Amino acid sequence: MYSIVIVEDEPAIREELALLLENQGYRPICITSFDTVPRQILDQKPDLILLDLGLPGRDGMALCADIRRLSRVPIIFVTSRDSSADELRALSLGGDDYITKPYNIPVLLARIKAVLRRAGGPAESDVLETGKLVLHLTRGTASAEGRSVELTRNELKILAYLMSHAGQIVSRADLIDALWDSQIYIDDNTLSVNMTRLRAKLEDIGLSGFIKTRRGMGYQL
Ligand code: CA
């Protein structure tokens, strides 16, 4: 899962961004004190930073320059200033992209996706955790309390999707979308078969009933 640090001093915008990112399957990390920011940010090992320009104390551009001395982590400026001079300066200081407030949500998400794609895979660990369950994405295994089971590619995708939406109801259509790739056609029946196998494997590691069925709506962890 990609983690995205939000550096924004207006609580309403910060919380709105965090919720938006969480709903998209990202892990948002909000910075709420602005004195030791570069260190705080890099300690989180983020995959991307959304950086406000107007901050208390040092502004976003100075911060960007500080971060760039220590790390190549992608940075997108999110700001209410919109002069092209500011934009140019932000990008020359090492920002990867620039978006103005009030931002258009689909545009912001598309920029985030593009910057993350250019940067390659998640910088952090490839491990997802929900309750007792630990999912190792590159190893393709699910573990709980010392027991481990190997998953197929589809089982892994289903579980990763559910885990990055833990607590939410995920529809069958969402899962079919998450499973879809250009080579293999995924239908409703394929999903059912995979779900049954996945639940049996989770039961083997002591997690029976881990994936709940929400009748008429989908699934939920
Ligand atoms: Ca601000």
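Going by the structure above, here's the rest.
Residues numbered from 1 in each chain as written. Predicted model: local features only at pLDDT ≥ 70, side-chain atom pairs only at ≥ 80, totals over all residues. Heavy atoms only, no water.

Draft legend 1. Summary view of the pattern of salt bridges. This structure, assessed with the given rule, holds nine salt bridges. Between Asp-66 and Arg-69 there is a salt bridge whose closest N-O contact spans 2.6 Å. Residue Asp-66 and its partner Arg-69 are both found in helix α3 (residues 60–70); the two are separated by three residues, about one turn of the helix. Judged by relative accessible area, which is 13%, Asp-66 ranks as buried. Arg-69 gets classed as exposed once you look at its relative accessible area, which sits at 63%. As a salt-bridge pair, Lys-201 and Glu-155 come within 2.7 Å of each other at their nearest N and O atoms. Residue Lys-201 is located in helix α8 (residues 188–204), and its partner Glu-155 is located in helix α6 (residues 153–164); the two are separated by 46 residues in the primary sequence. Each of Glu-8, Asp-52 and Lys-101 takes part in a single network of salt bridges with overlapping partners. (Salt bridge = Lys/Arg side-chain N within 4 Å of Asp/Glu carboxyl O. Helix = DSSP H or I, 4+ residues; strand = E, 2+ residues; numbered from the N terminus. Buried < 20%, exposed > 50% of the residue type's maximum accessible area, 1.4 Å probe, protein only.)

Draft legend 2. Up close: the sheet that holds strand β4 (residues 75–79). Ordered by their spatial adjacency, five strands build an open sheet running β2-β1-β3-β4-β5, and the pairing between neighbours is parallel. The sheet terminates laterally at β2 (27–31) and β5 (97–100), the two strands that pair on one side only. Averaged over all adjacent pairs, the angle separating strand axes in this sheet is 20°, with direction ignored. On the sheet, helix α5 (residues 105–119) packs against β1 (3–7), β3 (48–52), β4 and β5 and is oriented at approximately 170° with respect to β5. (Pairing = 2+ DSSP bridges. Axes fitted to C-alpha atoms, helices over the stretch in contact; angles between N-to-C directions. Contact = heavy atoms within 4.5 Å.)

Draft legend 3. Structural context of the pairing of β4. Most of β4 sits out of view: five of its five residues are buried. Residue alternation in β4 divides its side chains into two sets, Ile-75, Phe-77 and Thr-79 and Ile-76 and Val-78, and both sets are buried. Taken together, the four bridges between β3 and β4 define a ladder with parallel strand orientation. Among the inter-strand pairings, Ile-49 is bridged to a residue of β4, identified as Ile-75. Traced from β3 through α3 to β4, the parallel crossover comes out right-handed. By the bridge criterion, four bridges tie β4 to β5 in an arrangement that is parallel. Residue pairing in the sheet places Ile-76 in a bridge with Asp-97 of β5. (Right-handed = clockwise from strand over helix to strand, strands pointing away.)

Draft legend 4. Structural detail: the packing of helix α1 (residues 11–23) against α5. Contact pair α1 / α5: the axes reach a minimum separation of 12 Å and the direction vectors enclose 65°. You can see that α1 and α5 cross each other, and the crossing is right-handed. In this structure, α1 contributes Leu-17, Leu-20 and Leu-21 to the contact, and α5 contributes Ile-105, Leu-108, Leu-109 and Ile-112. Within the contact of α1 with α5, the residues separate by chemical class into seven nonpolar, no polar and no charged. (Left-handed = near helix turned anticlockwise from the far one by under 90°. Nonpolar A, V, L, I, M, F, W, Y, C, P; charged D, E, K, R; others polar.)

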